[in-house]
Amino acid sequence: MNQNLKSLIAQEEKRQAETLMMIPSENYTYPEVRAAVGSVLMHKYAEGQPNKRYYQGMGIVDRIEQYCEDQALKAFKLNPKKWGVNVQAYSGTPANLAIYNALLEPGDRILSMYLSDGGHLSHGWEYGGKKITSSAKTYKVSFYHVDPKTGVLNYAEIEKEAKKFRPKLLISGGTAYPREIKHFEMGRIAKEVGAYYLADVSHEAGLIAGGVNKSPFAYSDVVMMTTHKTLRGPRAALIFARSKLMPLIDASIFPGFQGGPHLHSIAGIAIALEKSQTAGFEKYAKQVIKNAKTLSAELQKYGFKVISGGTDKHLVLVDLRNKRTTGWHVAWALEVAGIVTNRNTIPNDTGSPYYPSGLRLGTPAITVRGMKEREMKQIAKWVSDVVERVGTQKVPEDDEQRRKTLKKFKADIVKDKFLLEIRSEVKKLCKKFPIDLS
Ligand SMILES: Cc1ncc(COP(=O)(O)O)c(C=O)c1O
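For clarity, every value in this text was computed on a predicted model and none was experimentally measured. (Residues numbered from 1 in each chain as written. Predicted model: local features only at pLDDT ≥ 70, side-chain atom pairs only at ≥ 80, totals over all residues. Heavy atoms only, no water.)

1. Quick look at the overall build of the protein
Okay, so step 1: Of regular secondary structure, the protein possesses 16 helices and 17 strands.
Okay, so step 2: Taken over the C-alpha trace, the protein has a radius of gyration of 22 Å; the compact-globule value for 438 residues is 22 Å, and the two agree within 12%.
Okay, so step 3: Taking the principal axes of the C-alpha coordinates as reference, the protein spans close to 60 × 55 × 40 Å.
Okay, so step 4: Expressed as a percentage of its 438 residues, the buried residues of the protein come to 56%. (Helix = DSSP H or I, 4+ residues; strand = E, 2+ residues; numbered from the N terminus. Rg over C-alpha atoms; globule rule 2.2 N^0.38 Å. Buried < 20%, exposed > 50% of the residue type's maximum accessible area, 1.4 Å probe, protein only.)

2. So, the domain arrangement of the protein
Okay, so step 1: Here the protein is partitioned into domain 1 (10-28 + 279-432) and domain 2 (44-276).
Okay, so step 2: Taken together, the contact between domain 1 and domain 2 spans 31 residues of the former and 30 residues of the latter.
Okay, so step 3: Counting across the domain 1 and domain 2 interface gives two salt bridges.
Okay, so step 4: For Asp312, the salt bridge identified is with Arg179, shortest N-O distance 2.8 Å.
Okay, so step 5: The set of elements that each furnish at least two residues to the side of domain 1 that touches domain 2 consists of α11 (279-301), β14 (315-319) and α13 (364-368).
Okay, so step 6: When residues of the side of domain 1 that touches domain 2 are assigned to their parent elements, the largest contribution, seven residues, is made by α11.
Okay, so step 7: Here the side of domain 1 that touches domain 2 is composed, by residue class, of 15 nonpolar, 11 polar and five charged. (Domains from an automatic or database assignment. Contact = heavy atoms within 4.5 Å. Salt bridge = Lys/Arg side-chain N within 4 Å of Asp/Glu carboxyl O. Nonpolar A, V, L, I, M, F, W, Y, C, P; charged D, E, K, R; others polar.)

3. Some thoughts on the layout of surface pockets
Okay, so step 1: Of the pockets and cavities examined, the largest pocket occupies roughly 680 Å³.
Okay, so step 2: If you trace the largest pocket, you find 22 residues lining it, with Gln16, Asn27, Tyr28, Thr29 and Arg235 closest to the centre.
Okay, so step 3: Elements with a contribution of two residues or more to the lining of the largest pocket: α1 (3-18), α2 (31-37) and α10 (263-276).
Okay, so step 4: Here the lining of the largest pocket takes five residues from α1, the largest share from any one element.
Okay, so step 5: For the lining of the largest pocket, a count of residues per class yields six nonpolar, eight polar and eight charged.
Okay, so step 6: For the lining of the largest pocket, the two domains that each supply at least three residues are domain 1 (10-28 + 279-432) and domain 2 (44-276).
Okay, so step 7: By volume, the second largest pocket is sized at about 460 Å³.
Okay, so step 8: Residue lining of the second largest pocket: 20 residues in total, with Asn342, Arg343, Asn344, Thr345 and Pro353 positioned closest to the centre.
Okay, so step 9: Elements supplying a minimum of two residues to the lining of the second largest pocket: α12 (327-336), β15 (339-340) and β16 (342-344). (1 Å grid on protein atoms, 1.4 Å probe; cavity = no way out; pocket = protein on both sides within 12 Å on 5 of 7 lines; lining within 4 Å. Points joined across faces, edges and corners; volume = space filled by probe spheres on them.)

4. What to know about the packing of aromatic side chains
Okay, so step 1: Within the structure shown, the criterion is met by 17 aromatic pairs.
Okay, so step 2: With a centroid separation of 5.2 Å and an interplanar angle of 85 degrees, the aromatic rings of Phe217 and Phe240 are classed as edge-to-face. Remark: Phe240 occurs in strand β12 (residues 237-242) and Phe217 occurs in the loop between α8 (205-209) and β11 (222-226); sequence separation between them is 23 residues.
Okay, so step 3: Residue classification places Phe217 among the buried positions, given a relative accessible area of 3%.
Okay, so step 4: Residue Phe240 is classed as buried on the basis of its relative accessible area of 0%.
Okay, so step 5: Arranged with centres 6.2 Å apart and planes meeting at 55 degrees, the rings of Trp328 and Trp332 form a pair that is tilted. In this pair, Trp328 and Trp332 both sit in helix α12, four residues apart, roughly one turn of the helix.
Okay, so step 6: On the basis of relative accessibility, which here comes to 4%, the residue Trp328 falls in the buried class.
Okay, so step 7: A network of ring pairs unites the aromatic residues Trp328, Trp332, Tyr354, Tyr355 and Phe409 as a single cluster.
Okay, so step 8: When the ring centre of Tyr354 is taken as reference, the NZ or CZ atom of Arg343 above it lies at 4.6 Å. (Phe/Tyr/Trp six-rings, centres within 6.5 Å; stacked < 30°, edge-to-face > 60°. Lys NZ or Arg CZ within 6 Å of the ring centre and 35° of its normal.)

As structure tokens, then:
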């Protein structure tokens, strides 16, 4: 291996060990999952479904894929007569595209959550009159919004929107919506307008498996989840569907959308699913939420405006406008301080997707390290101190001025003693809560 590449991997391992991983979609997987993902299973091709393949040498990998399917149905307490699962999707975005390809024809209508309100790009995204994603180019997409005052979904409004737009597919879920989705309401609305209901629970998968967020299955036609977020598995996705839809989903994944499945990932998913059924995981999922609630309450004590007034999940979305700064400035300064978050758009954002007004913080990874309420209080204090240090900031409109000002800001903060002092405190905290990256 190139020595430089080897060193870069080692540096990344050190960074992950010494900083607080607080991007809500990130997590540390289990050493056993990493071993499976790096195993000889990577060498095998297996197009098709178990016992219906196009290649030889399938006996063992068929059993692995079947085991993963069984674990998936078990982890979410599903009756195999009513539900099926496809475990081959490479990740969340291809999984969603495969679902659309299975259920829709080009030009059919999709109703999903607006991106700045917490939705996801793969649910169709148009910006400034331009169709950005392939789903927006292929299908007619319209969006529902959160209530501008509360930041919470208003189901009567979604119903009105659905009756007007008449989608063939109604989607719930997103990347930055801190409240539980009322799947019962979404399923009812979909039925009323004759649409399929897809619950994209990519973020909540582990919270649902751990029994601390409500399950969407009773009200959904299809449920998609990524496996690498709260579920702590490898990077991949699961597509669950009512049995009668399963042949469409399977055919859409292969040959419709993908080639050979990644059997190494499938083995890794099976391990994460096994672990998600343990008492330890239930405890973990509960603590993830307790930590996020504490973080949200503490941040509010420091005068932060938290979207929707709190959280039911693993993430907190902060509106930084009352602090007269931007998500861009705060996220960069926090990184210098060893707190790795992401800048994010918020409902009715006055900034742009690249320079948004919000900050998104998540607790899944720091909870894996064993951190609890006490550490959340400390982290909220550090976030507040960093924001104070950053002070009033805005993104200049003029291109040249913006380039210069932001470059100077970045150059200045990496030398800022106050931020570097917090970084060394963060490093000490991380040492107290080590993670097994072996
Ligand atoms: C709700 C939702 N759906 C889909 C995806 C896409 O997953 P991936 O990044 O694996 O393509 C994400 C990723 O963050 C997500 O949050």
